[in-house]
Amino acid sequence: MPAARRKKAQKAAQTGTPESGVADSGASESSPSDSGGTMLVVGPGDLEGRTIIDASLAGATDHPVPAIPEETPVALGLTARVANATFERDGYKHLIKAAEAVYSYPANGARLSLPAQKMLNFMIHLAGSQNFANKLYRLPKRVVRGNHKGNERIFDALKEIFDSSLVVIGPFRGRRSRAELRILSSYVRPEEEDDSDAADIHFQFTDAFLEIQRTSQLWAKLSGPAMVKVTSTYALKLYEIGMQRYQMDYPSLELDIDTLRKLLNVPEGAYKDFGILRTRTIDRAIAEVNHLAPFRVSMPDDKMKRRGRKIETVTLEFQAKDEEEVVETFLERERHSAGRRARRTGTVEALAVPEQADPGPLPDADDVNALWAAALHALKGRVPAPLLGELEPLRVEDAAHGVRRLVLRARTAATADAAGMNHWPTFKSTLSSLTAGLIADVAFEAPSRRGK
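Residues numbered from 1 in each chain as written. Predicted model: local features only at pLDDT ≥ 70, side-chain atom pairs only at ≥ 80, totals over all residues. Heavy atoms only, no water.

A. Structural context of the overall build of the protein. A count of helical and extended segments in the protein gives 17 helices and 15 strands. The burial tally for the protein puts 41% of its 452 residues in the buried class. Carbon and sulfur atoms form 50% of the exposed surface of the protein, whose accessible area is close to 25,100 Å². (Helix = DSSP H or I, 4+ residues; strand = E, 2+ residues; numbered from the N terminus. Buried < 20%, exposed > 50% of the residue type's maximum accessible area, 1.4 Å probe, protein only. Areas by Shrake-Rupley, 256 points an atom, 1.4 Å probe, with all protein chains shown as cover.)

Pasting the structure below:
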């Protein structure tokens with residue numbers, strides 16, 4: 001044994017300290033080959049400057065290895081808290097999506113199909129209901145299925161999302177960044193696909209994508225019933241942007257043409273001329289959004305910036321609709337989709353609604369308020385104004401034989417009795433006329449009578 005090694009062994013025997021162990025200087029003569037162990041590295045600061053360099057003592061009870069501290073959890077932003085509260089109150093009638101995700105676009109010139117974009121919005125909202133935790137989520141198929149009765153489109157859209165990456169520009173861990181993120185880390189596709197609505201879709205987001213949502217402070221509140229009725233990818237993206245901006249103090253948005261193309265998911269290399277891009281995508285998307293959204297969007301010519309004859313930037317302006325426009329928007333969403341394009345362009349077609357048509361999801365709270373506003377106009381002069389003033393809308397619900405009814409809350413039991421006994425047929429016929437037969441009944445709820 002070398003003299004230095006022999007001297008060190010004698011000193012160890014006197015003090016009762018093993019020859020190899022934790023050295024204050026951070027150095028040792030022992031090596032992995034000497035001990036048969038493996039190197040265990042602990043991060044700087046974990047041992048106040050010391051480093052474990054010999055793991056042969058890991059199993060010794062008198063020399064425990066200090067635990068590596070866990071990473072501090074990221075604090076939840078406002079978006080996560082709003083998503084959780086909204087899901088608890090409204091389920092899938094309103095969807096919360098982080099602004100960073102609204103302004104994201106597919107990487108490498110790819111694009112997501114319309115079914116995939118709609119499904120992704122439902123998936124993000126579901127994750128938000130659980131504070132964007134990194135876990136395997138389960139989404140009921142009936143939520144995203146719509147009127148399609150097969151599973152092929154559902155799982156094709158899910159695979160499309162799995163194969164895609166998004167470019168997200170915004171704050172990431174305290175710094176403004178341009179991040180290219182995979183959306184899903186995994187999803188499950190059963191070998192035998194059941195057509196029933198009882199089955200679920202299983203998926204898991206990547207943690208980087210979840211962190212963008214988890215720390216977000218701005219969001220868009222989308223209407224589920226309105227979103228599912230949008231018929232183009234360009235209009236859906238414009239609708240999302242508008243829902244995030246139209247109630248802000250400065251709702252205008254200036255974009256260069258390249259960014260606008262990416263946000264609207266215009267295929268790379270298509271519609272290179274701005275005139276063609278505008279007529280084929282932008283103008284059509286604006287017309288559809290103005291028909292179905294609670295705001296109006298425009299792209300003024302006088303705010304376009306040019307270099308010579310080339311248009312370099314445009315400004316999108318979002319303005320909330322007034323009460324009458326909101327009523328008409330609600331009525332349009334309640335009508336059958338057949339003939340909607342003709343109504344939008346002013347060439348109305350007289351098309352009968354097919355029998356057994358699926359009426360779609362129940363209207364949300366905003367739509368119920370808009371329906372009641374329209375009903376008040378129609379009932380003026382037919383029902384006493386004081387009586388109408390004591391009623392307020394509660395909800396629309398399914399009734400017997402495929403009929404839907406509007407439930408109104410009366411201020412007193414006497415008001416409910418008077419409305420039901422004297423004016424029920426008038427309410428019923430008015431609602432049926434306004435909604436083309438989709439809502440053909442009415443019920444009045446009153447506070448319970450107090451006992452003596």
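B. Structural context of empty space enclosed by the protein. Tallying each qualifying case throughout the model produces four cavities of 30 Å³ or more. Its volume calculated, the largest cavity comes out at about 120 Å³. Looking at the largest cavity, it is lined by 13 residues, and the ones nearest its centre are Lys97, Leu112, Gln117, Leu120 and Lys237. Of all the elements in the fold, those that place two or more residues in the lining of the largest cavity are β2 (105–106), α5 (114–128) and α10 (233–245). Classifying every residue of the lining of the largest cavity by side-chain character gives six nonpolar, four polar and three charged. (1 Å grid on protein atoms, 1.4 Å probe; cavity = no way out; pocket = protein on both sides within 12 Å on 5 of 7 lines; lining within 4 Å. Points joined across faces, edges and corners; volume = space filled by probe spheres on them. Nonpolar A, V, L, I, M, F, W, Y, C, P; charged D, E, K, R; others polar.)

C. Focus on the sheet that holds strand β14 (residues 404–410). The strand order across the open sheet formed by three strands is β13-β14-β15, and the pairing between neighbours is mixed. Pairing within the sheet leaves two strands with one partner each, and these edge strands are β13 (391–398) and β15 (439–445). Each strand of the sheet is rotated relative to its neighbour by a mean of 25 degrees, with strand direction disregarded. Bridge count for β13 against β14 is seven bridges, and the pairing is antiparallel. (Pairing = 2+ DSSP bridges. Axes fitted to C-alpha atoms, helices over the stretch in contact; angles between N-to-C directions.)

D. Focus on the environment of Val289. Along the polypeptide, Val289 turns up in helix α12 (residues 274–292). Excluding anything up to four places from it in sequence, Val289 contacts Ala235, Leu238, Tyr239, Phe295 and Val297. (Contact = heavy atoms within 4.5 Å.)

E. Inspection of the sheet that holds strand β3 (residues 137–140) at higher detail. In spatial order, the strands read β3-β7-β6; together these three strands make up an open sheet with antiparallel pairing. At either margin of the open sheet sits one strand with a lone partner, and together these are β3 and β6 (184–188). Neighbouring strand axes in the sheet, compared pairwise and without regard to direction, differ in orientation by 30 degrees on average.

F. Highlighting the pattern of salt bridges. For the structure on display, the rule yields 19 salt bridges. A salt bridge links Arg296 to Glu325, with the nearest nitrogen and oxygen atoms 3.8 Å apart. On the criterion of sequence distance, the pair formed by Arg296 in strand β10 (residues 295–298) and Glu325 in helix α13 (residues 323–334) is long-range, its members being 29 residues apart. By relative accessible area, which is 38% here, Arg296 ends up partly exposed. (Salt bridge = Lys/Arg side-chain N within 4 Å of Asp/Glu carboxyl O.)

G. Structural view of the pairing of strand β1 (residues 94–98). When you tally the buried positions in β1, you get five out of five residues, the bulk of the element. On β1, burial covers both faces: His94, Ile96 and Ala98 on one face and Leu95 and Lys97 on the other are all buried. Across five bridges, β1 lies against strand β8 (residues 219–223) in antiparallel orientation. Paired with Ala98 across the two strands is Trp219, which belongs to β8.

H. Main features of the packing of aromatic side chains. Summed over all chains, the structure comprises eleven aromatic pairs. When the ring of Trp372 is compared with that of Phe427, the centres are 6.5 Å apart and the planes differ by 10 degrees; the resulting orientation is stacked. Taken together, the residues span a long stretch of sequence, with Trp372 in helix α15 (residues 365–379) and Phe427 in helix α17 (residues 413–434) at a distance of 55 residues. In this structure, Arg182 is placed above the aromatic ring of Phe162, and the distance from its NZ or CZ to the ring centre is 5.5 Å. (Phe/Tyr/Trp six-rings, centres within 6.5 Å; stacked < 30°, edge-to-face > 60°. Lys NZ or Arg CZ within 6 Å of the ring centre and 35° of its normal.)

I. Spatial organisation of the nonpolar core. With 74 residues, the main nonpolar core has Phe205 and Tyr239 as its most contacted residues. Looking at this core, the element that brings in the most residues is α5, giving nine residues. If near-sequence neighbours (up to four positions away) are discounted, Tyr239 is found in contact with Leu222, Ser223, Ala226, Met227, Val289, Ala293 and Phe295. Ala370, Leu387, Ala410 and Ala419 belong to the second largest nonpolar core, which has 26 residues in total. (Core = buried A, V, L, I, M, F, W, Y, C linked by side-chain atoms within 4.5 Å.)

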